[in-house]
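Okay, here's what each chain looks like letter by letter:
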Number of protein chains: 2
Amino acid sequence: MDIQKLRCFAALAETLHFGQAAERMNMTQPPFSRQIAGLERALGVTLVERSSRRVALTPAGERFQRDARAVLARFESACRDARLVAEGQTGELRLGFMMHAAHRLVPRMVAAYAARRPEVRITLAEATPEEIEERLIRGQLDAGVTFAGAAVPQLESLPIFRDRLCLALPPGHRLAGRTEAAPEDLRDEDLIAVPDRVSRTLRGEISRWFAQAGLVPRVRFEPQLQQTILRLVAEGLGTALVPASICDRQADVATVPLAAAPALDVVLRTRRGAGNPALAPLLEIIRQGGLTAP
Amino acid sequence: MDIQKLRCFAALAETLHFGQAAERMNMTQPPFSRQIAGLERALGVTLVERSSRRVALTPAGERFQRDARAVLARFESACRDARLVAEGQTGELRLGFMMHAAHRLVPRMVAAYAARRPEVRITLAEATPEEIEERLIRGQLDAGVTFAGAAVPQLESLPIFRDRLCLALPPGHRLAGRTEAAPEDLRDEDLIAVPDRVSRTLRGEISRWFAQAGLVPRVRFEPQLQQTILRLVAEGLGTALVPASICDRQADVATVPLAAAPALDVVLRTRRGAGNPALAPLLEIIRQGGLTAP
DNA sequence: CGTTATCCATGCAATATGGGACTTGATTGG
DNA sequence: CCAATCAAGTCCCATATTGCATGGATAACG
């Protein structure tokens, strides 16, 4: 059963004339007649009453005309949409990101992307770097904004910008106003930091920074979100090492640069090779830069 | 482009395995692979990522899977419905009828029909016999309940029952209570009758009945509906010759049989040959009789 | 009333498409 | 390193589709 038969029938139902309908289908009349006959044979139903002088649809033909139109319309639409998805003009882009990337980076990325691909529906999923990695590998995400992390053969990374850790303090803290802070300065401080399972990279950098002075950070609270950490710091519950990108415009938190500040590369991770075509414009936006400024 | 290709793709999208999908489609794997390849070539889109060890849908394939399912479902449904319409199990039956047949006959016919073909939608159209004839010929009606009328080559008729004209009188009329009335009895009466254009057959029978006594009926009022005629009679505005079938249970109208009462055959007229299959049960109901009793 | 024009169906030969059997090539797991 | 698995490639045949030419029926016209 060929789609062509449906098209032929639709043309015939409109013109009620085999010759004209055949011409519309860019074929000669004999094969056209056989297409109609073949359709009727396949259905086991007479759709058209023909005499040499009159062509009319049977009741079944009337019904089938309406339905065939609908089928054809859906089919054409399905083909068109498949092509659009393949071109990345439409479809879905599933983007995962670390919570604190939602601060400025993700909104800017999404805005720039939506301007280029208004027809692509963007699914945003907040997740920990570990979850992002898992979901990327399982193909549940198309891309993830996360820390660079360990190399995984199935994934590749595109650098977005280099974040640096800084020290966040309550406004009246004794270290506030210092031009730089070293590990020893924080020897007796209660720290607030994300737990290791939420971001191994971030927590690892914090530990390493203290380790260079032979110290072990004394972590008192372990919330999951950087935003929460800043709120706790503002309330005087402790100090924290946080990505500098999240500290701007926090009126009730003082920040101090770190000596030998650890760098954290924020990257877009994607599955190697497996390409959602809708991803391309996002990669291009990142390569063009402009997402670094706070 | 063959529907079969869509079915193959749907099967592949479910199993993600060429061999198993081919088996489900009752074919061997090589031609199945070609069907998929042909579909992709026709669309110009890669729908499936294949390696010898992994089969996965591309984003376009995911999208096309959903759409192809919908297309297939609609297509199957269209085929099924066309067959059902052809069998008369579903579809539409367009029935025209003379106004006064709505009194008892049409409701009974429709009830009996609906019991046999609950899935057929019945369109009822009140119309004059003349309109019924026109619409039947133009194929706008499938059947019409009307008077026998003149033979028309395109139409055929199935008798439903034989109606007889009777005299309708106001209750206190001088002729009320007579066992029979003759044309001479109505020599000086004002008559109420449908105009010729509404029913040539009925008006003709009335004229002929008077003519057999050399009289010409003096028609005073010409409403279009028999019901209206009875109302006018009841109010004492005249007398009328009306089909007996319409006079039962009219408390405020007296009826008197006519001498040599003209017979009016009420028939179901249909287009010759051109068969809405949904019509068959209606013909059968009429052939079985049981629609004659008042 | 015969002729002509129109229109759908059919016969025929060339071509295209679809399906099966077998084989190849690549990848994975033992 | 070998065996197993799986998709693609090759070859062949059956069927379907197409264009061209023709036939048969019907309505319009002279």
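This one's a predicted model, so the numbers in the text were calculated from it and none came from an experiment. (Residues numbered from 1 in each chain as written. Chains lettered and ligands numbered in written order. Predicted model: local features only at pLDDT ≥ 70, side-chain atom pairs only at ≥ 80, totals over all residues. Heavy atoms only, no water.)

Peer 1: What am I meant to see in the protein's contact with DNA strand D here?
Peer 2: Among the 21 residues in the neighbourhood of DNA strand D, the closest are listed as K5(A), Q35(A), Q29(B), R50(B) and R53(B). Of all atoms in DNA strand D that approach within 4 Å of the protein, 61% are sugar or phosphate atoms. Contact distances for DNA strand D include 3.3 Å between a phosphate oxygen and a side-chain N or O atom of H17(B). Contacts to DNA strand D include G19(B), whose backbone N or O atom sits 3.1 Å from a phosphate oxygen. For the surface near DNA strand D, the secondary-structure elements that each account for two or more residues are α3 (29-43) of chain A together with α2 (18-24) and α3 (29-43) of chain B. (Near = heavy atom within 4 Å. Polar contact = N/O pair within 3.5 Å; in protein donor to acceptor, adjacent residues only side chain to side chain. Helix = DSSP H or I, 4+ residues; strand = E, 2+ residues; numbered from the N terminus.)

Peer 1: Looking at this structure, how should I read α3(B)?
Peer 2: Working note: α-helix, 3.6 residues per turn, so residues spaced by three or four point in the same direction. The end-to-end C-alpha separation of α3(B) is 21 Å, in line with the 21 Å expected for 15 residues at 1.5 Å each. Within the span of α3(B), buried status applies to F32(B), S33(B), I36(B), G38(B), L39(B), E40(B) and L43(B). Among the structural elements, α4 (59-87) of chain A together with α1 (3-15), α2, β1 (48-50) and α4 (59-87) of chain B are those in contact with the buried residues of α3(B). Where α3(B) ends, the next residue or the one after it, G44(B), has phi of about 75 degrees, a positive value. (Expected span 1.5 Å × (residues − 1). Buried < 20%, exposed > 50% of the residue type's maximum accessible area, 1.4 Å probe, protein only. Contact = heavy atoms within 4.5 Å.)

Peer 1: Looking at this structure, I do not really get the interface of chain B and chain A. What am I missing?
Peer 2: One frequently used descriptor of interface size is the decrease in accessible area upon assembly of the parts. Facing the 31 residues of chain B at the interface are 32 residues of chain A. In terms of surface lost to chain A, no three residues of chain B exceed M1(B), R63(B) and R74(B), which account for 19% of the buried area on that side. Note that R63(A) and D81(B) form a salt bridge whose closest N and O atoms lie 2.9 Å from each other. Broken down by element, the side of chain B that touches chain A gets its largest block of residues, 16 residues, from α4(B). Split by residue class, the side of chain B that touches chain A holds 19 nonpolar, 3 polar and 9 charged. (Buried area = accessible area lost by both parts, 1.4 Å probe. Salt bridge = Lys/Arg side-chain N within 4 Å of Asp/Glu carboxyl O. Nonpolar A, V, L, I, M, F, W, Y, C, P; charged D, E, K, R; others polar.)

Peer 1: Looking at this model, I keep getting lost on helix α8 (residues 226-234) of chain B. Mind explaining?
Peer 2: Residue and element names in this part refer to chain B. Taken together, the buried positions of α8 are occupied by Q226, I229, L230, V233 and A234. Burial along α8 is one-sided: seen end-on, the buried residues are contained in an arc of 135 degrees. Check the buried side of α8 and you find it contacts β6 (155-169), β7 (191-192), α7 (200-211) and β9 (240-243). Downstream of α8 by a residue or two, G236 has a phi angle that is positive, lying close to 80 degrees. (Arc of directions from axis to C-beta.)

Peer 1: Can you help me understand the protein's contact with DNA strand C in this one?
Peer 2: Of all residues adjacent to DNA strand C, which total 22 residues, the nearest are R50(A), R53(A), R34(B), Q35(B) and R53(B). Among the atoms of DNA strand C lying within 4 Å of the protein, the sugar-phosphate backbone contributes 60%. With respect to DNA strand C, the side chain of S33(A) contributes an N or O atom lying 2.9 Å from a phosphate oxygen. Take R34(B): an N or O atom from its side chain is 2.9 Å from a base nitrogen of DNA strand C. Those elements that provide at least two residues to the surface near DNA strand C are α2 (18-24) and α3 of chain A together with α3 of chain B. Residues of the surface near DNA strand C, tallied by class, amount to 6 nonpolar, 10 polar and 6 charged.

Peer 1: Looking at this model, I keep getting lost on the pairing of strand β10 (residues 254-257) of chain B. Mind explaining?
Peer 2: Regular strands have side chains that alternate between both faces of the sheet. Residues and elements named next belong to chain B. Side-chain alternation along β10 places A254 and V256 on a buried face and T255 and P257 on a face that remains uncovered. The sheet contact formed by β6 and β10 spans 4 bridges and is antiparallel. Bridging across to β10, L167 finds its partner in V256. (Pairing = 2+ DSSP bridges.)

Peer 1: Is there a simple way to explain the pattern of salt bridges in this structure?
Peer 2: A side chain with one charge can pair with a side chain of the opposite charge if their charged atoms come near. All names here are of chain A. Taken as a whole, this structure holds 38 salt bridges over all chains when the rule is applied. Here D252 and R231 are joined by a salt bridge, their closest N and O atoms 2.8 Å apart. With D252 in the loop between β9 (240-243) and β10 (254-257) and R231 in helix α8 (residues 226-234), the pair connects residues that are 21 residues apart, well separated along the chain. D252 sits in the partly exposed class, given a relative accessible area of 29%. Overlapping salt bridges, with partners in common, bring together E14, R24 and R69 in one network.

Peer 1: I tried to follow the environment of Q288(B) on my own but got confused; where do I start?
Peer 2: Residues and elements named next belong to chain B. Along the chain, the position of Q288 falls in the segment after α9 (280-287). Taking relative accessible area as the criterion, Q288 reaches 53% and is therefore assigned exposed. Along the primary structure Q288 and I160 are separated by 128 residues, whereas in three dimensions their C-alpha atoms are 9.8 Å apart. There is a polar contact of 2.8 Å between the side chain of Q288 and the side chain of R116.

Peer 1: Please explain the packing of aromatic side chains as it appears in this structure.
Peer 2: All names here are of chain A. Summed over all chains, the structure comprises 6 aromatic pairs over all chains. An angle of 55 degrees between the planes, with centres 5.6 Å apart, marks the rings of F9 and F64 as tilted. Highlighted residues: F9 in helix α1 (residues 3-15) and F64 in helix α4, separated in sequence by 55 residues. The same class applies to F9 and to F64, which are both buried. (Phe/Tyr/Trp six-rings, centres within 6.5 Å; stacked < 30°, edge-to-face > 60°.)

Peer 1: What exactly am I supposed to notice about unusual backbone geometry here?
Peer 2: Most of the time, phi is negative for any residue but glycine, and the peptide bond is trans. Even without glycine at this site, A260(A) takes up a positive phi of about 55 degrees. Relative to the assigned elements, A260(A) resides in the loop between β10 and β11 (263-271).

Peer 1: Just checking my understanding: could you explain the confidence of the model for chain A for this structure?
Peer 2: The predicted coordinates ought not to be read in detail in places where the model reports low pLDDT. Mean pLDDT over chain A works out to 88, with 98% of the residues at or above the 70 mark. Mean pLDDT values for the elements of chain A range from 85 in helix α6 (residues 129-137) of chain A up to 94 in strand β7 (residues 191-192) of chain A. (pLDDT = per-residue confidence, 0-100.)

Peer 1: For this particular structure, what's the right way to read the domain arrangement of chain A?
Peer 2: Segmenting chain A into domains produces domain 1 (3-87), domain 2 (91-160 + 265-288) and domain 3 (163-264). In this structure, domain 1 of chain A and domain 3 of chain A have C-alpha centres spaced 71 Å apart. (Domains from an automatic or database assignment.)

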